[in-house]
Amino acid sequence: MRIFSGIRPTGNIHIGNYLGAVKQWIELQEKNECVFCIVDMHAVTTPYDPKEMKKNILEAASIYLAAGVNPDKSIIFVQSDVREHVELAWLLGAITPMGELSRMTQFKEKSKQHKDYINAGLFNYPVLMAADIMLYKTQAVPVGKDQEQHVELTRTIARKFNQKFGQTFPEPEAILPKAGAKIMSLQNPKKKMSKTDESKSYISLFDTEEEIEKKIMSATTDSGKGVIYNVTKKPGISNLLTIYSLLDGRTIQEIEKEFKGKGYGDFKKSLAKVLINYLEPFRRKQKELLTREVYVQEILNKGKSRAEVIAKTTMQEVKEKMGLTS
Ligand code: ATP
Ligand code: LTN
């Protein structure tokens, strides 16, 4: 199967990104042909500092590597290095209904979050995402829950293209993890954990031990007592239990049992320890990779060449089918 996924280089990658997306990538790359992209063209649709972009891209690449993406197996590259993404996005824009785009939840949320930055790029974002996916004739897209709607729209666009211009693209499916597809913010467990939110609302893969401890101890919990999973009545504790179980490998019921009769404080202390241990290898590898910028850049250059071969072939076919070749 051909797999494609990407993350915006908009800041610190957190355990939500890892549990929702990257962890699946590592498993999928064993048996599939995987393409993992740093989607910088998507990052310009929300406020950002141009001076920080290069650093964020290299950081994202080293995060992919530190988390276990194997550059000999999978293609790792930067979106803006392969021009065909934008070219295909324009063409797909011509068959994407405005009505569908205006229904997209992420557009609505990001426009609320950045009221003075509502641009056409943000509105068209899902078309570029569809182009990313379709350019590689992708069959499956491992993402978190928030991106499911965009993959669904990609299916619609692929279907429309095939109907209009002849069978060209598979209709890609989103692959969501069974648990962890939507990790919630530590400060507001009704909102998803997001890297553009305040830093105490997420655990970055590279937080120090002290930061992890501080953030977990100050995470919002619920009224009442008892370490019990109940998303409606105890959204804070339920979110922490989900994280605990995914990192520790035990079921939520087993963890509830261990903390029966104990308070939130004991539970949080133990969770902080689990997180510190789990994330230690990431911190170590990331530290090492940050001193090897040339090596990371070489991987991105190689990824660009490998991605371009596929992208150019698809683009040629698309142009022929759409009557755009001379
Ligand atoms: P931003 O704050 O820039 O919007 P983000 O934290 O939402 O960023 P993205 O770059 O949009 O992260 O997402 C990268 C991948 O991580 C996507 O597959 C997305 O579905 C997944 N993801 C993001 N947040 C979560 C979360 N809280 N829980 C599970 N998966 C998530
Ligand atoms: N929109 C995604 C990032 C993204 C993506 C993609 C994910 C852009 N292009 C293609 C999977 C496949 C997000 O996480 N905000």
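In this report, the structure presented in the accompanying data block is examined. Model, not experiment: these values are computed from the prediction. (Residues numbered from 1 in each chain as written. Chains lettered and ligands numbered in written order. Predicted model: local features only at pLDDT ≥ 70, side-chain atom pairs only at ≥ 80, totals over all residues. Heavy atoms only, no water.)

## Overview of the site of ligand 1
Taken together, 22 residues surround ligand 1, and among them Lys110, Asp146, Lys192, Ser194 and Thr196 come closest. Here Gly144 contributes a backbone N or O atom positioned 2.8 Å from an oxygen atom of ligand 1. For ligand 1, an oxygen atom lies 2.5 Å from a polar atom in the side chain of Thr196. Considered on its own, ligand 1 offers 600 Å² of accessible surface; in the complex 98% of this is hidden by protein. Top contributing element to the shell around ligand 1 by residue count: helix 1 (residues 15-28), with four residues. (Near = heavy atom within 4 Å. Polar contact = N/O pair within 3.5 Å; in protein donor to acceptor, adjacent residues only side chain to side chain. Areas by Shrake-Rupley, 256 points an atom, 1.4 Å probe, with all protein chains shown as cover. Helix = DSSP H or I, 4+ residues; strand = E, 2+ residues; numbered from the N terminus.)

## Here's the deal with the packing of aromatic side chains
Summed over all chains, the structure comprises 13 aromatic pairs. With centroids separated by 6.2 Å and ring planes inclined at 65°, the aromatic side chains of Tyr18 and Tyr278 adopt a geometry described as edge-to-face. Placement of the pair is Tyr18 in helix 1 and Tyr278 in helix 12 (residues 264-290), with a sequence separation of 260 residues. On the accessibility criterion, Tyr18 (7% relative accessible area) is buried. Among the aromatic side chains, those forming a connected cluster through ring pairs are Phe4, Phe77 and Tyr136. The side chain of Arg292 reaches across the aromatic face of Tyr295, ending 4.1 Å from its centre. (Phe/Tyr/Trp six-rings, centres within 6.5 Å; stacked < 30°, edge-to-face > 60°. Buried < 20%, exposed > 50% of the residue type's maximum accessible area, 1.4 Å probe, protein only. Lys NZ or Arg CZ within 6 Å of the ring centre and 35° of its normal.)

## Some details on the packing of helix 4 (residues 84-93) against helix 13 (residues 293-321)
Two numbers describe a pair of packed helices, the interaxial angle and the distance between the axes. Packing of helix 4 against helix 13 brings their axes to within 10 Å, and their N-to-C directions diverge by 25°. When the axis of helix 4 is compared with that of helix 13, the two are roughly parallel. When you trace helix 4 past helix 13, the crossing you get is left-handed. On the side of helix 4, the interface is formed by Glu84, Glu87, Leu88 and Leu91, while helix 13 contributes Ala311, Lys312, Met315, Val318 and Lys319. (Axes fitted to C-alpha atoms, helices over the stretch in contact; angles between N-to-C directions. Parallel < 35°, antiparallel > 145°, perpendicular 65-115°, else oblique. Left-handed = near helix turned anticlockwise from the far one by under 90°. Contact = heavy atoms within 4.5 Å.)

## As for the environment of Thr45
Mapped onto the fold, Thr45 is located in the loop between helix 2 (40-43) and helix 3 (50-67). Through-space distance from the C-alpha of Thr45 to that of Leu122 is 5.1 Å; in sequence the pair is 77 residues apart. At 2.7 Å, the side chain of Thr45 and the backbone oxygen of His42 are in polar contact.

## Focus: unusual backbone geometry
One non-glycine residue, Lys137, adopts positive backbone phi at about 45°. The topology assignment puts Lys137 in the loop between helix 7 (120-135) and strand 4 (140-142). Taking relative accessible area as the criterion, Lys137 reaches 26% and is therefore assigned partly exposed.

## So, helix 7
An α-helix turns once every 3.6 residues. As a result, residues three or four positions apart point the same way. With 16 residues, helix 7 should reach 22 Å at 1.5 Å per residue; the first-to-last C-alpha distance of 22 Å fits that figure. The largest bend in helix 7 comes to about 40°, at Pro126. Where helix 7 starts, the residue carrying a side-chain oxygen 3.1 Å from the main-chain nitrogen of Gly121 turns out to be Asn119. Once helix 7 ends, the next one or two residues include Lys137, with phi positive near 45°. (Expected span 1.5 Å × (residues − 1). Bend = angle between axes of the 7 residues up to and from the residue.)

## Thoughts on the side chain of Arg2
Here Arg2 lies in strand 1 (residues 2-7). Assessed through its relative accessible area of 16%, Arg2 is described here as buried. Engagement of the side chain of Arg2 in a polar contact is seen with the backbone oxygen of Tyr136, the distance being 2.6 Å. Those residues in contact with Arg2 that lie beyond four places of it in its chain are Glu33, Val35, Tyr136, Lys137, Thr138, Gln139, Ala140 and Ile310.

## Some thoughts on the environment of Glu152
As for its position among the elements, Glu152 is in helix 8 (residues 148-165). The exposure class of Glu152 is partly exposed, given its relative accessible area of 44%. Separated by 19 residues in sequence, Glu152 and Glu171 place their C-alpha atoms 9.0 Å apart.

## A short note on the site of ligand 2
Taken together, 14 residues form the shell around ligand 2, and within it His42, Tyr125, Met129, Asp132 and Gln147 come nearest. Measuring from a nitrogen atom of ligand 2, one finds a side-chain N or O atom of Tyr125 at 2.7 Å. Interatomic distance of 2.9 Å between a side-chain N/O atom of Gln147 and a nitrogen atom of ligand 2. Here ligand 2 loses 91% of its free accessible area of 370 Å² to cover by the protein chains. Broken down by secondary-structure element, the contributors of at least two residues to the shell around ligand 2 are strand 1 and helix 7.

## Quick word on the packing of helix 10 (residues 235-248) against helix 12
Contact geometry for helix 10 and helix 12: axes closest at 10 Å, N-to-C directions at 40°. By crossing handedness, the relation of helix 10 to helix 12 is classed as left-handed. Contacts from Ile237, Leu240, Leu241, Ile243, Tyr244, Leu247 and Asp248 of helix 10 reach helix 12 at Tyr264, Phe267, Lys268, Ser270, Leu271, Val274, Leu275 and Tyr278. The residue inventory of the contact of helix 10 with helix 12, partitioned by class, reads twelve nonpolar, one polar and two charged. (Nonpolar A, V, L, I, M, F, W, Y, C, P; charged D, E, K, R; others polar.)

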